[in-house]
Amino acid sequence: MSGGADETSGETIAWQGRFITVKQRGKWEYVGRARNIEAAVILAVDGGDVLLVEQYRVPLGAWCLELPAGLVGDESAGEAIRTAAARELEEETGYRARHLTVLGRFASSPGMVSESFTLVRAEGLEKVGAGGGVDDEDIIVHRVPLAGVAAFVQARRDAGVMMDVKLLLLLAGSLLG
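Residue positions are given per chain, counted from 1 along the sequence in the order it is written. In keeping with the predicted nature of the model, local features appear solely for residues at pLDDT of at least 70, side-chain atom pairs appear and are counted solely at 80 or more, and the whole-chain, interface and lining totals rest on all residues. As a convention, hydrogens and water are excluded, and side-chain values are obtained from all of the structure's heavy atoms.

Strands are treated as partners if at least two bridges between them are detected by DSSP. Where helices and strands are cited, they refer to DSSP runs of H or I of at least four residues and of E of at least two residues respectively, numbered from the N terminus. Read from one edge to the other, the open sheet built from three strands follows the order 1-2-3, with strand pairing classed as antiparallel. With partners counted over all chains shown, the strands left at the sheet margins are strand 1 (11-16) and strand 3 (28-33), one partner each. Each adjacent strand pair in this sheet contributes to an overall mean axis angle of 30°, direction not counted. When strand 1 meets strand 2 (residues 20-25), the two strands line up antiparallel, connected through five bridges. Note on strand 2: the bridge partner recorded for Trp 15 is Val 22. To obtain an axis, a line is fitted to C-alpha atoms, over the contacting stretch when the element is a helix, and the angle between two such axes runs from 0 to 180 degrees between their N-to-C directions.

Structure representation (structure tokens):
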């Protein structure tokens with residue numbers, strides 16, 4: 001399978017900021033993370049509950065319900081995925097995991113963003129802090145029973161909160177059935 005001329009065209013940078021880079025390859029324009037930084041997304045499950053976070057997202061102009069997540073290597077080059085996932089989980093939710101399992105790498109929105117993320121399952125959770133993020137982050141932590149995720153998501157949607165597409169992971173059963 002071939003991507004045609006776009007596959008072999010050189011990548012050019014149209015603009016680069018502190019966090020994102022606008023790129024072009026052939027006719028395709030897309031956005032990527034500056035410095036090729038990756039992201040870790042954490043599926044934190046504990047005793048039949050899942051941890052979700054809600055935070056204001058400027059590009060959406062709205063609050064967004066998400067799985068905990070963060071950047072890998074944005075503070076120290078060469079940071080391991082598990083190290084970043086553990087750090088982000090604790091910063092955002094106040095929980096520390098005994099076990100972290102890498103579940104694989106996924107594309108966020110492959111038609112317009114080159115960003116990918118690694119999904120990490122966190123288990124054996126222990127509450128060690130308040131969570132809520134660092135610096136200017138204003139993160140609300142939700143501990144939601146897995147059996148009630150669909151109703152919780154609908155209630156937050158009804159309240160005007162946007163949903164991160166990665167929540168489909170938790171809603172698949174109710175959507176397919």
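There's more to say after this.
Our next topic: the side chain of Arg 87. Its place among the elements puts Arg 87 in helix 2 (residues 81-93). Buried means the residue's accessible area, taken with a 1.4 Å probe over protein chains only, is under 20% of the maximum for its type, while exposed means over 50%, and partly exposed covers the values in between. Assessed through its relative accessible area of 18%, Arg 87 is described here as buried. What qualifies as a polar contact is a pair of N or O atoms within 3.5 Å, subject to a donor-acceptor requirement within protein and to the restriction that residues adjacent in sequence count only when both atoms come from side chains. Within the structure, the side chain of Arg 87 is placed 3.1 Å from the backbone oxygen of Leu 71, a separation counted as a polar contact. A distance of 2.8 Å separates polar atoms of two side chains, one belonging to Arg 87 and the other to Glu 88. Any two residues having at least one pair of non-hydrogen atoms within 4.5 Å are treated as being in contact. Not counting residues within four places of it along the chain, the set of residues in contact with Arg 87 comprises Leu 71, Asp 74, Glu 75 and Glu 79.

As a further point, take a nonpolar patch on the surface. Here the term patch refers to residues with relative accessible area over 30% and no salt bridge, with like charges joined within 9 Å and nonpolar side chains (Val, Leu, Ile, Met, Phe, Trp, Tyr) within 5 Å. Values of accessible area rely on a 1.4 Å probe in the Shrake-Rupley scheme; residue burial ignores everything except the protein chains shown. Any carboxyl oxygen of Asp or Glu that lies within 4 Å of a side-chain nitrogen of Lys or Arg is treated as forming a salt bridge with it. Taken together, Trp 15, Phe 19 and Ile 20 make up a surface patch of nonpolar side chains, about 320 Å² in accessible area. Given a relative accessible area of 47%, Phe 19 falls into the partly exposed group.

Quick look at the nonpolar core now. Residues enter a nonpolar core if they are buried and are Ala, Val, Leu, Ile, Met, Phe, Trp, Tyr or Cys, with the set joined through side-chain atoms within 4.5 Å. Within the largest apolar cluster, 19 residues are counted, with the highest numbers of intra-cluster contacts made by Leu 52, Leu 167 and Leu 170. Of all the secondary structure elements, the ones that give two or more residues to this core are strand 4 (38-46), strand 5 (49-57), strand 9 (116-127), helix 3 (149-158) and helix 4 (168-176). At three residues, strand 4 tops the list of elements feeding residues into this core. Not counting the four nearest positions on each side in its chain, Leu 170 is found in contact with Leu 43, Val 50, Leu 52, Leu 67, Leu 146 and Val 149. Counting residues in each nonpolar core, the second largest holds 13 residues, with Ile 42, Ala 84, Leu 89 and Leu 125 among its members.

Only four residue types enter the charge count, namely Lys and Arg as positive and Asp and Glu as negative; His and the chain termini do not. The location of each charge is read from NZ of Lys, CZ of Arg, CG of Asp or CD of Glu. Residues Glu 75, Asp 135, Asp 136 and Glu 137 make up a contiguous surface patch of negative charge. Considering the arrangement of structural elements, one finds Glu 137 in the loop between strand 9 and strand 10 (140-145).

Strand direction decides the pairing type here: strand 2 and strand 3, joined by six bridges, are antiparallel. Within strand 3, the residue paired with Ile 20 across the bridge is Arg 33. Where strand 2 folds back onto strand 3 in an antiparallel hairpin, the turn is made up of two residues, including Gly 26, whose phi is positive at roughly 60°.

Purely geometric stuff here, so don't read any function into it on its own.
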